[in-house]
Amino acid sequence: NYEDTQNKFPLLRALPRSKVLASSLLPCQQHQSQFGPVAHLPASRKSAHMWQRRQPSRSYQTSSVLHSYILTPPQVNSILKANEYSFKVPEFDGKNVSSVMGFESNQLPANAPIEDRRSAATCLQTRGMLLGVFDGHAGCACAQALSERLFYYIAVSLLPHNTLCELEAAVEAGRALSPILQWHKHPNDYFSREAQRLYFNSLRTYWQELIDLTSPGDVPDTREALLNAFKRLDNDISLEAQVGDPNAFLHYWVLRVAFSGATACVAHIDGPDLFIANAGDARAVLGVQEEDGSFSAHTFSNDHNAQNESEVARIRSEHPPSERKTVIRQERLLGLLMPFRAFGDVKFKWSIELQKRVLESGPDQLHENEHTKFIPPNYHTPPYLTAEPEITYHKLRPQDRFLVIGSDGLWETLHRQEVIRIVGEYLTGVHQHQPLKVGGYRVTLGQMQGLLEERKARASSAFEDQNAATHLMRHAVGNNEFGTVDHERLSKMLSLPEELARMYRDDITIIITQFNPHVIGAQRQEGQS
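The name an unreviewed UniProt entry gives the protein chain is [Pyruvate dehydrogenase [acetyl-transferring]]-phosphatase 1, mitochondrial, with Astatotilapia calliptera as the organism. In its Sequence similarities (unreviewed entry) section, the UniProt entry covering the protein chain states "Belongs to the PP2C family."

(A) Spotlight on the confidence of the model for the protein chain. Overall, the predicted model of the protein chain reaches an average pLDDT of 84, with 79% of residues at or above 70. The low-confidence segment residues 1-17, where pLDDT is below 50, has 49 contacts with residues more than four positions distant or belonging to other chains. Predicted confidence for residues 29-68 stays below pLDDT 50, and this span has 80 contacts to residues more than four positions away or in other chains.

(B) Local environment of the pairing of strand β9 (residues 295-299). As paired strands, strand β8 (residues 283-289) and β9 are joined by five bridges and run antiparallel to one another. When the sheet's bridge partners are listed, Val288 is paired in β9 with Ser296. Hairpin geometry of β8 and β9 is characterised by an intervening segment of five residues between the two adjacent antiparallel strands and by a positive phi of about 95° at Gly293.

(C) Here's a closer look at the nonpolar core. The biggest cluster of nonpolar side chains holds 59 residues, and the ones touching the most others in it are Leu150, Phe151, Ile154, Leu181, Phe230 and Phe343. In this structure, Phe230 is in contact with Leu150, Ile154, Ala264, Val266, Ala277, Ala279, Phe343, Ala387 and Pro389, ignoring residues within four places of it in sequence. By size, the runner-up hydrophobic cluster in this structure holds 36 residues, among which are Leu80, Leu410, Ala469 and Leu494.

(D) Structural detail: the packing of helix α7 (residues 196-213) against helix α8 (residues 222-243). Between α7 and α8, the shortest axis-to-axis distance is 11 Å and the interhelical angle comes to 130°. Judged by the inter-axis angle, α7 sits oblique to α8. α8 is crossed by α7, and the crossing has right-handed handedness. Note on element contacts: α8 touches α7 through Asn228, Ala229, Arg232, Asp236 and Glu240, opposite Leu198, Ser202, Thr205, Tyr206 and Glu209. Its residues placed into classes, the contact of α7 with α8 shows three nonpolar, three polar and four charged.

(E) Local environment of the packing of aromatic side chains. As enumerated under the stated definition, the model contains 13 aromatic pairs in all. Ring geometry for Tyr379 and Tyr384: centres 5.3 Å apart, planes at 40°, overall tilted. Here Tyr379 matches Tyr384 in class, with each residue buried. Grouped by ring-pair contacts, the aromatic residues Phe134, Phe151, Tyr152, Trp183 and Phe191 constitute a single cluster. Its guanidinium or amino end placed over the ring of Tyr252, Arg256 lies 5.9 Å from that ring's centre, counting from NZ or CZ.

(F) Structural view of the pattern of salt bridges. Per the counting criterion, the structure on display carries 18 salt bridges. In this structure, Glu240 engages Arg149 in a salt bridge whose closest nitrogen and oxygen atoms are separated by 2.8 Å. Residue Glu240 is located in helix α8, and its partner Arg149 is located in helix α5 (residues 141-157); the two are separated by 91 residues in the primary sequence. Residue Glu240 is classed as buried on the basis of its relative accessible area of 9%. For Arg314, the salt bridge identified is with Glu318, shortest N-O distance 3.2 Å. Here Arg314 falls in the buried class, since its relative accessible area comes to 17%. Exposure remark for Glu318: the relative accessible area of 44% places this residue in the partly exposed category. In the salt-bridge network here, residues are joined through shared partners; they are Glu311, Arg314, Glu318 and Arg341.

(G) Region of interest: the pairing of strand β3 (residues 116-123). For β3, the buried fraction is high: eight of the eight residues fall into the buried class. Of the two faces of β3, the one carrying Asp116, Arg118, Ala120 and Thr122 and the one carrying Arg117, Ser119, Ala121 and Cys123 are both buried. Pairing of β3 with strand β4 (residues 129-137) involves seven bridges; the strand directions are antiparallel. Considered in β4, the bridge of Ser119 is made with Gly132. Between the antiparallel neighbours β3 and β4 lie five residues, among them Arg127 with a positive phi of about 70°. Inspection of the sheet shows β3 paired to strand β5 (residues 181-183) by three bridges, in the antiparallel sense. Within β5, the position partnered with Ala121 by the bridge is Trp183.

Procedures and definitions
- Residues numbered from 1 in each chain as written.
- Predicted model: local features only at pLDDT ≥ 70, side-chain atom pairs only at ≥ 80, totals over all residues.
- Heavy atoms only, no water.
- UniProt positions renumbered as here; feature names shortened; annotations may be inferred.
- pLDDT = per-residue confidence, 0-100.
- Contact = heavy atoms within 4.5 Å.
- Pairing = 2+ DSSP bridges.
- Helix = DSSP H or I, 4+ residues; strand = E, 2+ residues; numbered from the N terminus.
- Core = buried A, V, L, I, M, F, W, Y, C linked by side-chain atoms within 4.5 Å.
- Buried < 20%, exposed > 50% of the residue type's maximum accessible area, 1.4 Å probe, protein only.
- Axes fitted to C-alpha atoms, helices over the stretch in contact; angles between N-to-C directions.
- Parallel < 35°, antiparallel > 145°, perpendicular 65-115°, else oblique.
- Left-handed = near helix turned anticlockwise from the far one by under 90°.
- Nonpolar A, V, L, I, M, F, W, Y, C, P; charged D, E, K, R; others polar.
- Phe/Tyr/Trp six-rings, centres within 6.5 Å; stacked < 30°, edge-to-face > 60°.
- Lys NZ or Arg CZ within 6 Å of the ring centre and 35° of its normal.
- Salt bridge = Lys/Arg side-chain N within 4 Å of Asp/Glu carboxyl O.

This is the structure in structure tokens:
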């Protein structure tokens, strides 16, 4: 039971909340097997009510069974490395001419199936690189759709008028299209083949409108391209759900995408130009190497939630004074949703009449889930939610060494400065030993000596991970109260059954992009000359 579990896991801190007090329209069961060793529940448990705050189960396996789940170091490594991926930008004539040397990414599920998604691609027309983390809630369908579609919308938004015309002419003539993205995907990164025709038709309609709105010689603005791509894709997700599809599977799929939700944090890197487009509470943090060799954290995104005073003011300003006390309750939008910007989540965007009409004409599976008919409380003046991103620009400098994009599951466990220190030391091999902190704990000299010896041993074995994202994930899950990786804690956290895992942590997705300081320095000089 829960109390026994707490006693067996004294160093684990339970998370008191889920991102959305909401029901998933349907769990993404077809992705169930892709994300590694998470304990499975019977099917009847998989559609658990999420409109209510998650409560600890008192009917799961006993603590004696939990106690047998202690994993060996090879088993821990197998779990941590199951979804790691790395990409190195190819060199030309022995030289790397890109400001990006490469990136490394990883994912660790807490939900089963995982609700996070990640994407990375090179824009073949501009040579810019796109990297994104998508954090789903109320199911994984919306995050899945974003991982497949958003980069195409951004790439099309960045194409000049003549190239858009060439694309349209090729489709009209039935010729093969020149690819606009080179994807960098892990084998587990799923693509929904059944929806590709639907997705293509919506994307084509978008570029047809761009052709009408632009003129030959126009140079696309990156900030505008990112803004328009986010807003247009969210609009298409909404429209596709309203129109439906003659194919029963696709009809159900587009509704699942629209009624679930996802936040998005995307980086576009082209030469020394770094743009971050963020909607929600994922985060992008730059690792800057100071003159003394230490690393400092520079955050390039703002969390869109109740801790952001400007976001709270924005939402209250968009609704009548009579809703001031109800539009944000218990630090959630309408008392339900934690992020204040997100894709999908049409329950916070559509009118009540539209929601009822779409649900009444939807497939039978919708009516089997009572919560799809649920209207948020105090729902008077929709829309309450937007997918419009906040966009930040930064001109890269030689001291800007790497960028960490992570879902909020990472930032809930580690402070941003600690994240940057861990990654910086891993990439450089130089360990900046800070005074050992033990918080408010009483520590004997013998215990202090043990901690120092453990830190020394950890420094010599820091390179057991070949992937920076995996190394960071090991710290995020396994750090103890002294800031060191504790194998026993790590083992217990990774062996928690599905029903308990989400109470202690969220899904974690990490992308770490490493910059080339020599190329960036040369590019800055060229830009100044």
